[in-house]
Amino acid sequence: MKFAVLQFPGSNCDQDCVHVLRNVMGHSARLLWHKDTSVGDSDAAIVPGGFSYGDYLRTGAIARFSPVMQAVQAFAAQGGLVLGICNGFQILCEAGLLPGALIRNRSLQFRCEQVHLQTATTDSAFTNRVPAGKLLRVPIAHGEGCYFADPETLAGMRSRGQVLWRYVDAQGAATEAANPNGSVDNIAGVCNEGRNVAGLMPHPERASEDVLGCSDGRLIFESIIHSLQQRRSAVAA
Amino acid sequence: MTEPAITPELVRKHNLTPDEFGKIKAILGRDPSYTELGIFSVMWSEHCSYKNSRPLLKTFPTKSPKILVGAGEENAGIIDIGDNLAIAFKIESHNHPSAVEPFQGAATGVGGIVRDIFTMGARPVCAINSLRFGPISMDGAAADETRTQEVANNRRLFAGVVSGIAHYGNCFGIPTIAGEVYFDRSYQGNPLVNAFCLGVLRHEQIIRGAAKGVGNPVFYVGPATGRDGLAGAAFASQDLTEESAEQQRGAVQVGDPFMEKLVCEACLELLATGAVSGIQDMGAAGLTCSTCETAARAGTGIEIELNKVPQRAPNMTSYEIMLSESQERMLIIVHKGREEEVKRIFDKWDLPWAEIGRVTDTGRMVVRHAGVVVADIPARQLADDAPVYQREAREPAYIAGVRSFTLAGVADSADPGGDLGRLLAWPTIASKNWVYRQYDHMVRDNSAICPGSDAAVIRIKADSVPGGTDEGAPTFPEKFVALSVDCNAVYVYLDPYEGGKIAVAEAARNLACTGAVPLGVTDNLNFGNPHNPEIFWQLRESVRGLAEACRAFNAPVTGGNVSLYNQNPDGPIDPTPTVAMAGLVEQREHITTQWFKDSGDAILLLGAPVDGLDPLLGLGGSAYLQRIHGVKNGMPPRCDLAREQELNLGLRSLVCGGGIKSAHDCSDGGLAVALAECCISNMVARETPSLVGARIDLSGIACSRLDALLFGETQARIIISTSANDATKILERAKILGIPVQRIGTVGGTDLEIKTASKTLSSPVSELHDKWWKSIAAEMKD
């Protein structure tokens, strides 16, 4: 499969995503400069973490206007798979591709630590390879990861199964203590109504190799690859 | 523009002595202009010239076949790590700015050291730091108003520094993967912020900060110059006073990590084109230092026109432009005819650039402002001929009291279990998770051992090298570099020579515990005012200890930083020669962490349990004496370098043989604290520690005092664990290697139980964990 990894000025997880997609997952991945106007023949787009445009004004607020994001908007509108990680999740929310917003952590401090994630539904292009009931151990690293959406939006998202991941404790309970940033309903990641665009604050690309202590994050990339393969065989048939 | 007349008063205000002023006149053959006076004052400050410390620095071992760029040659030293790869690393202080404005002071400290690394052509891949503050806890003292206020101010500085480092490093995208934090009254009002950065490059990518090639154009790249950070290097070379905060805030720079990220990427991209002849960052002393040093290194001259320098503020004088320390700026000397490549790449990154001058053959640094010459100085003499002082040294009066201190008046521990808990909760010993959870310590996907073990381990892979993922780039096997930064400054205060040795020995031991072999050292000498003979004695003696230890561990010094004048109105800081050591883990399988792994594993102690030849039994200067008895006195434990090296080599040999499941050195708080840390320090995830108990039997160890056995800080001790099946084999191998070894217990259960000849203490590991893990957060009230 061919992945496009966006590169804004200030992106700093772009190389990490390319590394995992290429060297760990064994697929093709290339960087897409923020001034580019097309995702080309890519099968999926990754909006990586970092501090795009310095995160000035508001996280992701400037990046959403970049030429490459217009291309991603068009790609998503045609059903293309898009995953936003950390700052990428913030950008996708700012761009209106995902519901809700990400605000300052409740602690008012940056947080970098491992968390446990519960996959709320395996019915998505981003979660289909996660075994039922398996908790994922994946790190977070953000200052503005507190997910917020109004009650009405949340109710709609829940009924449509748009919440993909929640912060939980080691036993799988979505407790207050397990919530690292104050996110409503312990939400760590969501998808859009069309289920082809998703975003999450934790970094699966930092949890894809045993040498880094954990490889649960691979399941998210494996899910995307599996979905793309299914799409491809459906077209072939 | 009229410049002030040069008066003796103005010379004094620039921290130049009448003798120094005379030397300047001799070099110029006339009186300096105001701008020239400013230029000399920053270049001849301690921060830039090492005028008080240079004779001592010459005693460090600085050579080894692996050193590609040695100490003092360039912005950072470079060491070969095999397969045509090399690492560039350096530590630097930002103490005074952090005292005045902790957030920006610390943030720009990170920015400066990161620039030093990519200036060498290396990609910065990780950062570490060493921090010291006044106490953030009352430690059981009475809460009078003064003390409460002091503690509140120490907390403010601590919080500001940590968030400044986090802000800069996280946004730049560099993992901050290790560090140390100490709290002591001597740092009240004068915190220490020492920042370290490490980068990776191929041998042929090393670039020099030299202005070579007469006629080559000189480019300025990066953001515009403003009035911030005026003469910061000179400010760093004075005592802090009550008025510093108000008067010197303008000397603190303002950092923009986003800009630095862009400048770094653009510079690395430009260096790959081969268009660059030399490059230097504008750090301390800004445009002044970068122009005269590049010319001095190349033996050339340099001419610049200040009207071409991008300026943020209107009507800046030549003095201000030359002395500004605005951040994220670089000076680049480009091969003539290849100017377009600079413009293309910096335009791509939307970064300002300007061609401001050219390289000449005159040997002079000539600065024009609107065509008028405002400075004309021989570059080499400005950069290299700063006066050098042999300061007077005298043993401080307090040392006699240290030598005569005995344990006669110190009651043995009546409540060892309680004392263990108090030590684990003491902020200097307690978990630093409140600090490192604010640092992104995983970005770049290489953090094999994160903060919280003896040393950090970082992987080096293709994208760690500039251009390493380009098509056709040479491939290489993954490598692992271990890093530790250490200094027990209380030991150094009590015995600078022995304390200096211990700082290096602890770093080496920490590397050994992670399975690494030392490669080299960068040091940061933080001391008080060198004009005080007692302070200079501390400096001289500790350098003697550091140098001897670096030789013993075959870890040459590749560079570093000297920060003097660290004192507040109450007196000098404890002498603090911080040692950052880098080492190589030869195979991935050798990477070892400090915590116990599985129930039933055997616990072995390598090294003699108590140094019987030390009259204080390892309690001199110990955390136990400080925290439990309120005593900061006594000769610190003795450091036998030959024995330390045997222990490290022995441990590494055991690790290479396989079967070592954990290794942890005994340092602050002694054996009991180290054992507790083995039980409680493995964090699986948020709110999810992996705790395991241990049953320890020390009843066979003869020791006249219980506190010395449990909390004494005898050197050269390491706790290892191994499966029960391997234990016998490993005991035998250790004995063959000549290392004292004994089995002291077994992993398992929910309590840490320590049996001694006189008493048995037992504490649930969950309680010990909570005290240790939550202590700093509780003091910081969040």
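Residues numbered from 1 in each chain as written. Chains lettered and ligands numbered in written order. Predicted model: local features only at pLDDT ≥ 70, side-chain atom pairs only at ≥ 80, totals over all residues. Heavy atoms only, no water.

**Q** Would you explain the sheet that holds strand 17 (residues 516–526) of chain B in this entry?
**A** All names here are of chain B. Read across the sheet, six strands follow the order 14-15-16-21-17-18 without closing on themselves; strand pairing throughout is mixed. If you trace the sheet from one side to the other, it starts and ends with strand 14 (447–449) and strand 18 (557–563), each paired once. Averaged over all adjacent pairs, the angle separating strand axes in this sheet is 25°, with direction ignored. (Pairing = 2+ DSSP bridges. Helix = DSSP H or I, 4+ residues; strand = E, 2+ residues; numbered from the N terminus. Axes fitted to C-alpha atoms, helices over the stretch in contact; angles between N-to-C directions.)

**Q** Sorry, what's going on with the interface of chain A and chain B here?
**A** When the parts of a complex come together, some accessible area is lost, and that lost area is often used as the size of the interface. On the chain B side, the residues contacting the 39 residues of chain A number 37 residues. Counting the surface lost from both chain A and chain B, the interface buries some 3,100 Å², and carbon and sulfur atoms represent 54% of this. Our count for the contact surface shared by chain A and chain B stands at four salt bridges. Close ionic contact of Glu113(A) with Arg686(B) constitutes a salt bridge, the shortest N to O distance being 2.7 Å. Where chain A meets chain B, there are 14 residue pairs in polar contact (both at pLDDT 80 or more). The class makeup of the residues in the side of chain A that touches chain B is 18 nonpolar, 11 polar and 10 charged. (Contact = heavy atoms within 4.5 Å. Buried area = accessible area lost by both parts, 1.4 Å probe. Salt bridge = Lys/Arg side-chain N within 4 Å of Asp/Glu carboxyl O. Polar contact = N/O pair within 3.5 Å; in protein donor to acceptor, adjacent residues only side chain to side chain. Nonpolar A, V, L, I, M, F, W, Y, C, P; charged D, E, K, R; others polar.)

**Q** Looking at this structure, how should I read the pattern of salt bridges?
**A** Close approach of charged atoms allows side chains with opposite charge to pair. Residues and elements named next belong to chain B. A full pass over the atoms with the stated rule returns 59 salt bridges over all chains. Residue Lys 661 is joined to Asp 601 by a salt bridge in which the shortest nitrogen-to-oxygen separation is 3.1 Å. Of this pair, Lys 661 sits in strand 23 (residues 660–665) while Asp 601 is found in the loop between strand 21 (576–585) and strand 22 (602–606), placing the two residues 60 residues apart along the sequence. What makes Lys 661 partly exposed here is its relative accessible area of 25%. When its relative accessible area of 3% is taken as the criterion, Asp 601 is described as buried. Bridged by salt links that share partners, the residues Glu 73, Glu 74, Arg 208, Glu 293 and Arg 297 form one connected network. (Buried < 20%, exposed > 50% of the residue type's maximum accessible area, 1.4 Å probe, protein only.)

**Q** Explanation requested: helix 5 (residues 218–236) of chain A in the structure shown.
**A** Every α-helix winds through 3.6 residues per turn, so residues three or four apart in the chain are directed the same way. Taking 1.5 Å per residue as the helical rise, helix 5 of chain A with its 19 residues ought to reach 27 Å, and the 27 Å between its terminal C-alpha atoms agrees with that figure. Looking only at helix 5 of chain A, the buried set comprises Leu219(A), Ile220(A), Phe221(A), Ser223(A), Ile224(A), Ile225(A), Ser227(A) and Leu228(A). (Expected span 1.5 Å × (residues − 1).)

**Q** Which parts of the structure should I look at to understand the side chain of Glu305(B)?
**A** Residue and element names in this part refer to chain B. For Glu 305, the position within the fold is in strand 9 (residues 301–305). Buried charge without a salt bridge: Glu 305, with Arg 368 as the nearest opposite-charge side chain at an N-O distance of 5.9 Å. In terms of polar contacts, Glu 305 uses its side chain to reach the backbone amide nitrogen of Asn 307, at 2.9 Å. Leave out the neighbours within four places in its chain, and Glu 305 touches Ile 356, Arg 368, His 369, Ala 370 and Gly 371. (Lys, Arg positive; Asp, Glu negative; His and termini not counted.)

**Q** I tried to follow the nonpolar core on my own but got confused; where do I start?
**A** Within soluble globular proteins, side chains that are nonpolar tend to cluster in buried spots. Phe158(B), Ile332(B) and Leu752(B) are the most contacted members of the largest nonpolar core, which totals 119 residues. It is helix 11 (residues 257–273) of chain B that contributes the most residues to this core, 10 residues altogether. Ignoring sequence-local partners within four residues, the contact set of Leu752(B) consists of Leu420(B), Ala672(B), Leu675(B), Ala676(B), Cys679(B), Ala694(B), Ile696(B), Leu761(B), Ser762(B), Ser763(B), Val765(B) and Leu768(B). Grouped together as the second largest cluster of nonpolar side chains are 72 residues, Ala63(A), Met69(A), Val138(A) and Ala188(A) included. (Core = buried A, V, L, I, M, F, W, Y, C linked by side-chain atoms within 4.5 Å.)

**Q** Help me understand the sheet that holds strand 27 (residues 718–722) of chain B, please; the structure alone is not making it clear to me.
**A** In a beta sheet, neighbouring strands pair by backbone hydrogen bonds and run either parallel or antiparallel. Residues and elements named next belong to chain B. With mixed pairing, seven strands are arranged side by side in an open sheet as 23-27-22-28-26-29-30. Looking at strand neighbours, the two that pair on one side only are strand 23 and strand 30 (760–764), the edges of this open sheet. Between one strand axis and the next, the sheet turns through 20° on average, direction left out of account. Where strand 29 (residues 751–755) meets strand 30, five bridges bridge the pair, whose relative direction is antiparallel. When the sheet's bridge partners are listed, Lys 755 is paired in strand 30 with Thr 760. The strands that helix 23 (residues 641–657) touches are strand 22, strand 23 and strand 27; relative to strand 27, the one it contacts most, it runs at about 10°. The strands touched by helix 26 (residues 724–736) are strand 22, strand 23, strand 27 and strand 28 (741–747); relative to strand 28, the strand with the most contacts, the crossing angle is about 160°.

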